[in-house]
Amino acid sequence: MECAFDAQNLISISLRKIQSSRTQRGGIKLHKNLLVTYVLRNARQFYMSKNLSQAQRTHQYEDVAAARERQEYLELTGSFTELADDFYCNFTGLESGNWHCGAHQPSGQPAEVAHQDASPCAMASPSDPELMVPEACWSCADKSTWELPMPNAQANQKTVLDLDTHVVTTVTTNGYFHSDCCAQPKQPQGAQCYAKKRKMDASYHIVDPEFYLPDFGPVPCKRMRTDDDTHSDSEQLGSTNISNLISVLGSGGLSDFVSWQQTDLEQIFATQTICLKHTLLTGSGWTRAIEAF
Amino acid sequence: MAGPGGDMQWCFSQVKGAIDDDVAEADIISTVEFNHTGELLATGDKGGRVVIFQQEIENKNQPQFRSEYNVYSTFQSHEPEFDYLKSLEIEEKINKIRWLPQKNAAQFLLSTNDKTIKLWKISERDKRPEGYNLKEDDGRYKDPNTITSLRVPVLIPMDLMVEASPRRVFANAHTYHINSISVNSDNETYLSADDLRINLWHLEITDRSFNIVDIKPANMEELTEVITAAEFHPHQCNTFVYSSSKGTIRLCDMRASALCDKHSKLFEEPEDPSNRSFFSEIISSISDVKFSHNGRYMMTRDYLSMKIWDLNMENRPVETYQVHEYLRSKLCSLYENDCIFDKFECCWNGNDSVVMTGSYNNFFRMFDRGHRRDVTLEASRENSKPMQVLKPRKVCAGGKRKKDEISVDSLDFNKKILHTAWHPQDNIIAVATTNNLYIFQDKVN
């Protein structure tokens, strides 16, 4: 079986599973959704840790001002292929008892790092300049290390993932959209585009009836955009295909990803209820967006 | 596996179900259970039906004994329902069937779907009354003026009729999906478990139950695990265990407190850090827990392995059997196609010497604990000639594939054996594929 295995893909798949579970007969399966959120969190933590490593790497070679700005936006450079390679991990636990993270080096040769150190979470030694990944990329024995040492505003960030183009965008609560991963090579004006405000009106949510369709295939509908989005997102999100934006809360615990409303009447009245909602972006087309908050 | 007279060989006995490759979802078998004597074999399906097979006893003493199970009773146990308050449809799928020990001529079983447990009485009727004074034989009432004499009605033989009637309905006690039911050894109570709670019932009382385990956190944001299976100890009426999605098993003593949130024992094996992956939580989730018949051990099934635990040792299992370790490198794909969420069951043989569980490609695995041997067999129509000996199968995990081996990539993950059952006394097993029930028995030499 082929396996498109990268953290972004796992996030996409996991969120799709959560969404499709809402339309499954018999109601949401609590057990399955709980397990899916574990995968989601694992993938997201790994993905964010790679973001951090990229940000830290670029930070070394830039002036403080530029580094501060870049760090704030958590912007990744490079082609999608390189980014996909960065996130590609081939688990060969069966063969060697280790898991490996393979990433293409500039020479084209895959670099495999076998992680045999005592810490189950460490991907590389801190002295390794090539793989500057935080040790606590995802927790194994120590569950408390789930929270990564992220730069400021991690608690106020939301990660928005386009399922079609695998564009991952980080939204801060101040309304800024930052593209973390571009399907296209980075455009010089990318930073300015993403610096423009895209205010998420949390009070405006329209449920798209097609949301309940189990199939995420393309639907011949226009996607609405804001004026801010048109220029910055047109290349990443595509112009004709429906993009399903999955927004996952960056902070908080496991249950941030999942809504229990449909299965537990008690949760309707619980504080900090987490739910999956749609967000329609205004503009020339419309985008089905599912936001967990 | 060594048995009486040498290595045991398994032979095909029967197959029940449709031959068509086009499987109706309602016909998918969801549970299989022998009764305490092994004479009856019950199956439940996604359509809410229960089918009971009965073993022909009269051939048992003959040479080349071949047990035959024939349909004994079929009835609709559960119907689809709709919870209007939550706008949820409640599936009619039978999640579990558990037989009650037989007390009289009738048989009793508990069947459950996601929300409701029912107690069914299965009784035989082979006589009917005849000669009523006030009624005709067809049931029409007579004109009293035409009655000139009195007679005593008599019972005359009739064709055997098996009746299934619901005697109790235990409803409205579970907010979440019921995954387990287990009859207590006191034959008066039973437990039902859903994702977050376990309730204790009395078989005679339907309007109330006692909550004995509640792991629902005050804030659902703090939810980290759910209950996946629960079972009463086979002899100690105060003891039960429940497994969790985190791979732990908790043994509880009902004498300690009314609410058994604090376990008496916690069985947990530390995770091997070298096997850590994105899917570690999923594959460590326990899908089934079964006590051994002698009550000294319990067995747990997670996605890749089976573990035997000594109830006196909590820190690690005494035995671990890898069911299909070759799938470890395929977890990503299995996650994509949802197979990683499959819940495999496991079972003991009558004397607790052999354990069995299912796998993919209609394979099932047996592990002989005493002789440390295991075998992989296949339930398929191609091997369904009467008394045909099953040939051991082997999966090639890597490298050059030998003859008669099947490669991992060739496995059909749509053909899965989730439910198996072992006759309590004899070497007869029932293996459920998607919509067929295979019955195998050991070859009589």
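Residues numbered from 1 in each chain as written. Chains lettered and ligands numbered in written order. Predicted model: local features only at pLDDT ≥ 70, side-chain atom pairs only at ≥ 80, totals over all residues. Heavy atoms only, no water.

> For the overall build of chain A, give the residues involved together with the corresponding values.
Of the regular secondary structure elements, chain A holds seven helices and nine strands. Among the 293 residues that make up chain A, the fraction classed as buried is 53%. Intrachain contacts of chain A at a sequence separation of at least 6 include 58% that bridge at least 24 residues. Entry remark: accessible area of chain A is about 12700 Å², with carbon and sulfur atoms responsible for 54%. (Helix = DSSP H or I, 4+ residues; strand = E, 2+ residues; numbered from the N terminus. Buried < 20%, exposed > 50% of the residue type's maximum accessible area, 1.4 Å probe, protein only. Contact = heavy atoms within 4.5 Å. Areas by Shrake-Rupley, 256 points an atom, 1.4 Å probe, with all protein chains shown as cover.)

> Can you lay out the sheet that holds strand 20 (residues 249-253) of chain B for me, pointing to particular residues and giving the numbers?
Residues and elements named next belong to chain B. Ordered in space as 18-19-20-21, the four strands form an open sheet in which the pairing is antiparallel. Two strands close off the open sheet at either side, each with one partner strand: strand 18 (227-232) and strand 21 (265-267). Adjacent strand axes in the sheet meet at a mean angle of 20° when their direction is disregarded. Both strand 18 and strand 19 (residues 239-244) contribute to a ladder of five bridges, which runs antiparallel. Within strand 19, the position partnered with Ala230 by the bridge is Tyr242. (Pairing = 2+ DSSP bridges. Axes fitted to C-alpha atoms, helices over the stretch in contact; angles between N-to-C directions.)

> How would you sum up the environment of Pro153 of chain B? Please name residues and give values.
Residue and element names in this part refer to chain B. Assignment of secondary structure puts Pro153 in the loop between strand 12 (117-130) and strand 13 (154-170). Taking the C-alpha atoms as reference points, Pro153 and Arg128, separated by 25 residues in sequence, lie 9.9 Å from one another. Setting aside chain neighbours within four positions, we find Pro153 in contact with Glu130, Gly131 and Tyr132.

> Can you explain the sheet that holds strand 11 (residues 107-112) of chain B? Please cite residues and give values.
All names here are of chain B. Sheet architecture is open: four strands sit in the order 10-11-12-13, paired in antiparallel fashion. Bordering the open sheet on either side are strand 10 (96-99) and strand 13, each of which pairs with just one other strand. When strand polarity is set aside, the average angle formed by the axes of neighbouring strands in this sheet is 25°. Bridge analysis of strand 10 against strand 11 gives four bridges, and the strand direction is antiparallel.

> Any details on the packing of aromatic side chains? Residues and values, ideally.
Scanning the entire structure with this criterion turns up 21 aromatic pairs over all chains. Ring centres of Phe12 of chain B and Phe440 of chain B lie 6.2 Å apart, and the angle between their planes is 70°; on these two criteria the pair is classed as edge-to-face. Here Phe440 of chain B lies in strand 34 (residues 437-442) and Phe12 of chain B lies in strand 3 (residues 10-16), a separation of 428 residues in the sequence. Note on accessibility: Phe12 of chain B and Phe440 of chain B belong to one class, buried. A network of ring pairs unites the aromatic residues Phe12, Phe364, Tyr438 and Phe440 of chain B as a single cluster. A cation over a ring is seen here: Lys17 of chain A above Tyr335 of chain B, with NZ or CZ 5.1 Å from the ring centre. Looking at Arg369 of chain B, its charged tip hangs above the ring of Tyr297 of chain B, at a distance of 4.8 Å from the centre. (Phe/Tyr/Trp six-rings, centres within 6.5 Å; stacked < 30°, edge-to-face > 60°. Lys NZ or Arg CZ within 6 Å of the ring centre and 35° of its normal.)

> Kindly report on the pairing of strand 27 (residues 354-358) of chain B, identifying the contributing residues and their values.
Residues and elements named next belong to chain B. Burial analysis of strand 27 places five of its five residues in the buried class, which makes it a mostly covered element. Judged from the three bridges that link them, strand 26 (residues 346-348) and strand 27 form a sheet pairing that is antiparallel. Looking at strand 27, one finds that Trp348 is bridged to Val355. Of the strand pairs in this sheet, strand 27 and strand 28 (residues 363-368) are connected by five bridges, and their pairing is antiparallel. Considered in strand 28, the bridge of Val354 is made with Asp368.

> Help me get a handle on the pattern of salt bridges, residues and values and all.
Here the structure, examined in full by the defined rule, presents 32 salt bridges over all chains. A salt bridge links Arg25 of chain A to Glu91 of chain B; the shortest N-O distance between them is 3.9 Å. Of the two residues, Arg25 of chain A is situated in the loop between helix 1 (7-21) and helix 2 (30-60) and Glu91 of chain B in the loop between strand 9 (88-90) and strand 10; the pairing between them involves two chains. Of the residues examined, Glu91 of chain B reaches a relative accessible area of 9% and is grouped as buried. Across the pair Asp338 of chain B and Lys32 of chain A runs a salt bridge, and its minimum N-O distance is 2.7 Å. Residue Asp338 of chain B is found in the loop between helix 2 (331-336) and strand 26, and its partner Lys32 of chain A is found in helix 2; the two belong to separate chains. (Salt bridge = Lys/Arg side-chain N within 4 Å of Asp/Glu carboxyl O.)

> Outline the nonpolar core, listing residues and values.
With 38 residues, the main nonpolar core has Phe279, Tyr303, Leu327, Tyr335 and Ile340 of chain B as its most contacted residues. A total of eight residues in this core trace back to one element, the largest contributor, which is helix 2 of chain A. Setting aside residues no more than four positions away along its own chain, Ile340 of chain B makes contact with Phe279, Ile282, Ile283, Tyr303, Leu331, Leu334 and Tyr335 of chain B. One finds Trp10, Met366, Val375 and Ile429 of chain B within the second-largest nonpolar core, a separate group that totals 18 residues. (Core = buried A, V, L, I, M, F, W, Y, C linked by side-chain atoms within 4.5 Å.)

> Please set out the confidence of the model for chain A residue by residue, giving values where relevant.
All names here are of chain A. Within chain A, residue pLDDT values average 48, and 18% of them lie at 70 or more. Averaged pLDDT values over the elements of chain A bottom out at 32 in strand 1 (residues 89-91) and peak at 92 in helix 1. Taken as a whole, residues 70-155 scores under 50 in pLDDT and shows 169 contacts with residues more than four places along the chain or in a different chain. Note that residues 175-293 has pLDDT below 50 and, in this model, 297 contacts with residues that lie over four places away or in other chains. (pLDDT = per-residue confidence, 0-100.)

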